[in-house]
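# Observations on the model geometry
Each chain, written out:
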Amino acid sequence: MSVGSFVVADYVVFVLMLVVSTAIGIYYAWAGKGKETSRDFLMGGRRLTALPVSMSLTTSFMSSITVLSNPAEVYIYGAVFIYVGTAYILSVMVVSEVFLPVLYRQSITSTYEYLELRFNRAIRLLVTVLFIVHTILFTGVIIYGPALALNQVIDMDLWAGIISTGIVCTLYCTLGGLKAVVWTDVFQMGIMLAGYMSVIIKAVILQGGVRTIISDSQQGGRLNFWDFDINPLRRHTFWTLAIGGTFLWVAVYGANQAQVQRYMSCKSITHARVALYINLLGLCAFLTSSVFAGMCLSSVYKNCDPWTAGLVSAPDQLMPYLVMDILTGDPGLPGLFFAAVCSGCLSTVSSTINALAAVTLEDLIKPYTNMSEKHLLWMVKGLSIFYGALCISMAGLASVMGGMMQAVAIIGGAAGGPILGLFTLGILCPFANSRGALSGLVSGLVASLCVTVGFLIYPPPPEITRPLPLTAEGCNFTTDSLNWTSTALPTEPTSITTAPVQNSDDELLAVNWHSPSYLYFGPIGTVTTISVGLIISLLTGGWRTRVESKLSLMKEDTTSYHLFQFFKDRAMRRAGKLDLTKNAEKKVGNTNPAFCDTEMDFTSSNPTSNN
């Protein structure tokens, strides 16, 4: 079984996407020439509107992971993955009501500057370093993804793909700043959706309609929606996806510089809130597309799984294989799909490069130097180039981290969970002090790293992850056409590794150790940080702490409070209880002064009047 290859039309589409992305950066560099400050470069002058920001929020973390790995997750573990949509809804609501009002009010460039205002500078610097480390690792995974896909299907050199993707991204990010990043994200979002839909529509046509794909998915056990098992060790259930996913995405939208910087660049808090909710529509659209794409994989390869047959070496390569299998008769469409993969990569990497430059300048350079605005602008552009090169070099690390989606969740959960807990302490707990915050952060990091290391050393067995059955019995190829020894056959990792006899204690630990779902790594870090932070704060006199009101959440900050007041006032008006005097005047006219309640002053009267 062979698949097609790129033709000229595919290369044209792919290169055109790169050219347009670079052109947007050049345009904003030219438009802002001589008038731009470092703050304008990083925050877009805080003049952006809701619609472009919402699209940028969506594409920033709906990257090559969504395009490549989410369909593979559905193909292997089932469409229960759709429940992550619950996490999207809950996380956007929490961020809009709790984190956005407080952070937007500070008018800060670096999100972590809030931690110095609320606690102290040491905590701010520690979190900045954590963010830089885990973001560089995250970006390395994102760059590696599309390069791997291109390497698999069109024999492009792996490192040539990594370097070219990184260079284009670094170029337009450095030239145009946040405005270029946001508007490039808008363009790339359209490319990503078009690439997804081209594959889905073609698969539906080949399989004879949507009903056939749903039927095949049901017969293959992929429609496993009714999975409400509360076992925290299970990889994907409603509860792991809803609870663990909510913590993960609140950390992304509420405490991650790359996302917070987006809605902080809006011209008003109303625009920022609207951007978050429009972004929710985009998240749900991408989620639905990726789940259905996974069902298309299941239908097309129900009798001949490319992974089992050794035609691909990793699940992340299933979607590229499908594209080159069914779209090669339509010149340009394979190029459109791989442009979509690369667009997802570019949007995320440009966002993280911009965020890394922002926190480095604001948290590590400006407080300790006295540079002119011109020098600061050149400094932030230099930082963008530096981080672009660093992220490219870190992409090699992604090749040893397993499945892309899981790797990103592990990286983000290990550091993102404790950082989320720290922001929650500052915003919701006015008696939390710096000692409690630091103790909580360290404890949360230790807890997150412990479960992460345990997961990596002793991966969960198949009876916990429950992969769905795959078969290669229907594959139509000869033994000579396939080198069965060139690619390792896919097997679920077992909890026991081969070891010498003297390591029997390790074997016993492997048998008894069961790591929770990777989606719970973030909640473990968050809850540990908050719990320890509250206890230490109370033990060290936190109840005497006086915090500026602008640094904590106030009831007037929330939309729910204003909605409650609106409906309350409306109900009172309807009941006639809002202003009785005014209502009475409307019915019977003005009040007669002769019958008003007045206080008579007898002491000021003439004393002779008593005679």
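Residues numbered from 1 in each chain as written. Predicted model: local features only at pLDDT ≥ 70, side-chain atom pairs only at ≥ 80, totals over all residues. Heavy atoms only, no water.

### Observations concerning helix H17 (residues 434-457)
Short version of the rule: By definition, any uninterrupted DSSP run of H or I lasting at least four residues is a helix, any uninterrupted run of E lasting at least two residues is a strand, and each is numbered from the N terminus. Multiply 1.5 Å by the residue count of a helix minus one, and that product is the helix's expected span. Here the term buried applies to any residue with accessible area under 20% of the maximum for its type, exposed to any over 50%, and partly exposed to those in between, with areas from a 1.4 Å probe on protein chains only. Under the rule applied, a polar contact is a pair of N or O atoms within 3.5 Å (in protein, one hydrogen donor and one hydrogen acceptor; residues adjacent in sequence only if both atoms are side-chain atoms).
Here H17 spans 34 Å end to end across 24 residues, near enough to the 34 Å set by a 1.5 Å rise per residue. Taken as a whole, H17 has its buried residues at Gly436, Ala437, Gly440, Leu441, Gly444, Leu445, Ala447, Ser448, Val451, Thr452, Gly454 and Phe455. Between the side-chain oxygen at the start of H17 and the backbone nitrogen of Arg435 there is a gap of 3.3 Å, and the oxygen is on Asn433.

### A look at the side chain of Ser350
This is how the line gets drawn: The contact criterion used throughout is that any non-hydrogen atoms of two residues lie within 4.5 Å.
Of note, Ser350 is situated in helix H14 (residues 333-365). With relative accessibility at 0%, the residue Ser350 sits in the buried group. Not counting residues up to four positions away in its chain, the partners in contact with Ser350 are Cys169, Tyr172, Cys173, Val181 and Asp185.

### Examining a nonpolar patch on the surface
Rule in force here: Residues enter patches when they are more than 30% accessible in relative terms and free of salt bridges; like-charged ones are connected within 9 Å and nonpolar ones (Val, Leu, Ile, Met, Phe, Trp, Tyr) within 5 Å. In short, Shrake-Rupley with a 1.4 Å probe defines the accessible areas, and a residue's cover is counted only from the protein chains shown. Criterion for a salt bridge: a side-chain nitrogen of Lys or Arg within 4 Å of a carboxyl oxygen of Asp or Glu.
A surface patch of nonpolar side chains, about 600 Å² in accessible area, is lined by Trp226, Phe228, Ile230, Trp239 and Ile243. Take Ile230: its relative accessible area is 66%, and that puts it in the exposed class.

### Structural notes on the state of the cysteines
Counted only if it meets this: The term disulfide is used for any two cysteine sulfur atoms that are within 2.5 Å.
Applying the stated rule across the entire model yields 1 disulfide. A sulfur-sulfur separation of 1.9 Å characterises the disulfide bridge that pairs Cys304 with Cys475. Here the disulfide of Cys304 and Cys475 is right-handed, its torsion about the S-S bond being about 100°. Here Cys304, found in the loop between helix H12 (269-300) and helix H13 (318-326), pairs with Cys475, found in the loop between helix H18 (462-465) and helix H19 (504-512); they are 171 residues apart in sequence, far enough to count as distant. Given the relative accessible area of 15%, Cys475 is considered buried. In this structure Cys173 is a free cysteine whose sulfur lies 6.0 Å from that of Cys169, the closest cysteine sulfur available. Its sulfur unpaired, Cys345 is 5.7 Å from the next cysteine sulfur, which belongs to Cys342.

### Some points on the packing of aromatic side chains
Selection criterion: Each aromatic pair joins two rings of Phe, Tyr and Trp (for Trp, the six-membered one) with centres within 6.5 Å, and gets the label stacked for planes under 30 degrees apart, edge-to-face for over 60, and tilted for any other angle. We count a charge as sitting over a ring when the NZ of a lysine or the CZ of an arginine lies within 6 Å of the ring centre and within 35 degrees of the ring normal.
Counting across every chain of the model gives 16 aromatic pairs. Relative to Tyr321, the ring of Tyr301 lies with its centre 5.9 Å away and its plane at 55°, an arrangement referred to as tilted. Remark: Tyr321 occurs in helix H13 and Tyr301 occurs in the loop between H12 and H13; sequence separation between them is 20 residues. Accessibility expressed as a relative area gives 4% for Tyr301, which makes it buried. Among the residues examined, Tyr321 registers a relative accessible area of 5% and is labelled buried. Pairwise contacts between aromatic rings join Tyr83, Trp226, Phe228, Phe238 and Trp239 into one cluster. The positively charged end of Arg46 is found above the aromatic ring belonging to Tyr104, 4.4 Å away from the centroid. A cation sits over an aromatic face here: Arg235 above Tyr77, 4.3 Å from the ring centre.

### Re the environment of Thr111
For Thr111, the position within the fold is in the loop between helix H5 (84-106) and helix H6 (113-118). Expressed as a C-alpha distance, the spacing of Thr111 and Phe423, which sit 312 residues apart in the sequence, is 9.9 Å. Sequence-distant contacts of Thr111, that is, excluding residues within four places in its chain, are made with Leu103, Gln257, Val260 and Phe423.

### Digging into the environment of Leu42
Looking at the secondary structure, you find Leu42 in helix H2 (residues 38-43). Distance from Leu42 to Ser110, taken between C-alpha atoms, is 9.5 Å for residues 68 residues apart in sequence.

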